[in-house]
Amino acid sequence: MTATVPVLTIDGPSGSGKGTISRAVAQRLGWHYLDSGALYRAVGVAAGWADLDLDDAGALVRCTFDTTIGFDESGDELRVLVNGHDATDELRTETAGAAASAIAAIPEVRAALKDRQRAFRVEPGLVADGRDMGTVIFPDAGWKVFLTASAEERADRRYKQLKNKGVSVTMDGLLREILARDARDANRSVAPLRPAEDAVRIDTTGLGIDAVVERVLALLPARG
Ligand code: DC
């Protein structure tokens, strides 16, 4: 029974550190990791390859059903295969993120991805990272965390990440994009970004990765 497999959900807005924290926590626990945003990004990338119009909900829903998404955990870094092609780097681009955010507002797309996300719940446990992990996908999770950070700090983190990769961006542009994405994710009618009532909120502004990881791990009962 999958429902007996322990789940820790980590939700929050873009740039709150969810991905880094969730991966680190999953590694420490020896649990599986679900990057649910990667599924929405994968559909966004596939829609781009097919040259679909982001306003054509019907085409995007068909694209969601037709897109195969695979995760390859064998190397140092998690690789994401979209329709059999390694799309890991393309998935992280701002274009893919913006497409994912638009696609994620379509109820039929979210419904189509539900079971794919729940399928990650396998022994010994799962750390699920996203926007609606604790509210919609795993409402019965044993532990729920909601990470936040100021928009300025999130833009600054993203700026440093992109700078490191040699991508040229401006802080102003990034801050605008983050605020626009927050508003879209929080205001959509289906599964808007909001903390589950039973989630523990952690504000990561000014906190290092290790400090946040320890706070999250401290929520779980001592492991023998
Ligand atoms: O976490 P991320 O930046 O990779 O997510 C990309 C987009 O996908 C984000 O703008 C909102 C959407 N998303 C979602 O709606 N629900 C999730 N569980 C994960 C992501």
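Definitions and cut-offs
- Residues numbered from 1 in each chain as written.
- Predicted model: local features only at pLDDT ≥ 70, side-chain atom pairs only at ≥ 80, totals over all residues.
- Heavy atoms only, no water.
- Helix = DSSP H or I, 4+ residues; strand = E, 2+ residues; numbered from the N terminus.
- Buried < 20%, exposed > 50% of the residue type's maximum accessible area, 1.4 Å probe, protein only.
- Polar contact = N/O pair within 3.5 Å; in protein donor to acceptor, adjacent residues only side chain to side chain.
- Contact = heavy atoms within 4.5 Å.
- Phe/Tyr/Trp six-rings, centres within 6.5 Å; stacked < 30°, edge-to-face > 60°.
- Near = heavy atom within 4 Å.
- Areas by Shrake-Rupley, 256 points an atom, 1.4 Å probe, with all protein chains shown as cover.
- Pairing = 2+ DSSP bridges.
- Axes fitted to C-alpha atoms, helices over the stretch in contact; angles between N-to-C directions.
- Parallel < 35°, antiparallel > 145°, perpendicular 65-115°, else oblique.

**Student:** I tried to follow the side chain of Arg158 on my own but got confused; where do I start?
**Tutor:** Within the secondary structure, Arg158 sits in helix α8 (residues 151-164). In this structure Arg158 comes out as buried when scored by relative accessible area, which is 18%. Of note is the side chain of Arg158, whose polar atom sits 3.1 Å from the backbone oxygen of Arg92. Leave out the neighbours within four places in its chain, and Arg158 touches Arg92, Glu94 and Leu174.

**Student:** What am I meant to see in the packing of aromatic side chains here?
**Tutor:** Aromatic ring pairs are defined here through the distance separating the ring centres and the angle between the ring planes. Evaluated as defined, the whole model comprises 2 aromatic pairs. Summarising the aromatic geometry, the rings of Trp31 and Trp143 are spaced 6.1 Å apart at their centres and angled 40° between planes, so their arrangement reads as tilted. In this pair, Trp31 sits in the loop between α1 (18-29) and β2 (32-35) while Trp143 sits in strand β7 (residues 143-148), placing the two residues 112 residues apart along the sequence. The buried category is assigned to Trp31, whose relative accessible area is 15%. Residue Trp143 is classed as partly exposed on the basis of its relative accessible area, which comes to 22%. Consider the rings of Phe71 and Phe120, whose centres lie 5.5 Å apart with planes at 80°: the pair is edge-to-face.

**Student:** I tried to follow the site of the ligand on my own but got confused; where do I start?
**Tutor:** Neighbouring residues of the ligand: 17 residues in total, closest Ser36, Arg41, Arg110, Arg131 and Arg188. Arg41 is positioned such that a nitrogen or oxygen atom in its side chain is 2.6 Å from an oxygen atom of the ligand. Between the ligand and the protein, one listed contact pairs an oxygen atom with a side-chain N or O atom of Asp185 at 3.1 Å. Protein contact buries 96% of the 450 Å² of open area that the ligand shows by itself. Where the shell around the ligand is concerned, the elements lending two or more residues are α2 (36-49), α5 (94-103) and α9 (171-187).

**Student:** Explain the sheet that holds strand β8 (residues 200-203) to me, please; I cannot follow it from the model alone.
**Tutor:** By definition, the strands of a sheet pair up through backbone hydrogen bonds, in either a parallel or an antiparallel sense. Sheet architecture is open: 5 strands sit in the order β2-β6-β1-β7-β8, paired in parallel fashion. In this open sheet, the two strands that pair with only one neighbour each are β2 and β8. When the angles between neighbouring strand axes are averaged without regard to direction, this sheet yields 20°. Judged from the 4 bridges that link them, β7 and β8 form a sheet pairing that is parallel. Note on β8: the bridge partner recorded for Leu147 is Ile202.

**Student:** Looking at this structure, I do not really get the packing of α2 against α5. What am I missing?
**Tutor:** Each pair of packed helices gets described by two things: the angle between the helix axes and the distance between those axes. Contact pair α2 / α5: the axes reach a minimum separation of 8 Å and the direction vectors enclose 105°. As judged from the angle between their axes, α2 and α5 are roughly perpendicular. When α2 is examined against α5, the residues Tyr40, Arg41, Val43, Gly44, Val45 and Ala47 are found in contact with a partner set consisting of Ala96, Gly97, Ala99, Ala100 and Ile103.

**Student:** Please clarify how the pairing of strand β1 (residues 7-11) should be interpreted in this entry.
**Tutor:** Looking along a regular strand, one sees the side chains alternate between the two faces of the sheet. For β1, the tally of buried residues reaches 5 of 5 residues, placing the bulk of the element in the interior. On β1, burial covers both faces: Val7, Thr9 and Asp11 on one face and Leu8 and Ile10 on the other are all buried. Bridging between β1 and strand β6 (residues 126-130) involves 5 bridges; their strand directions are parallel. Bridge pairing in β6 places Ile10 opposite Asp129.

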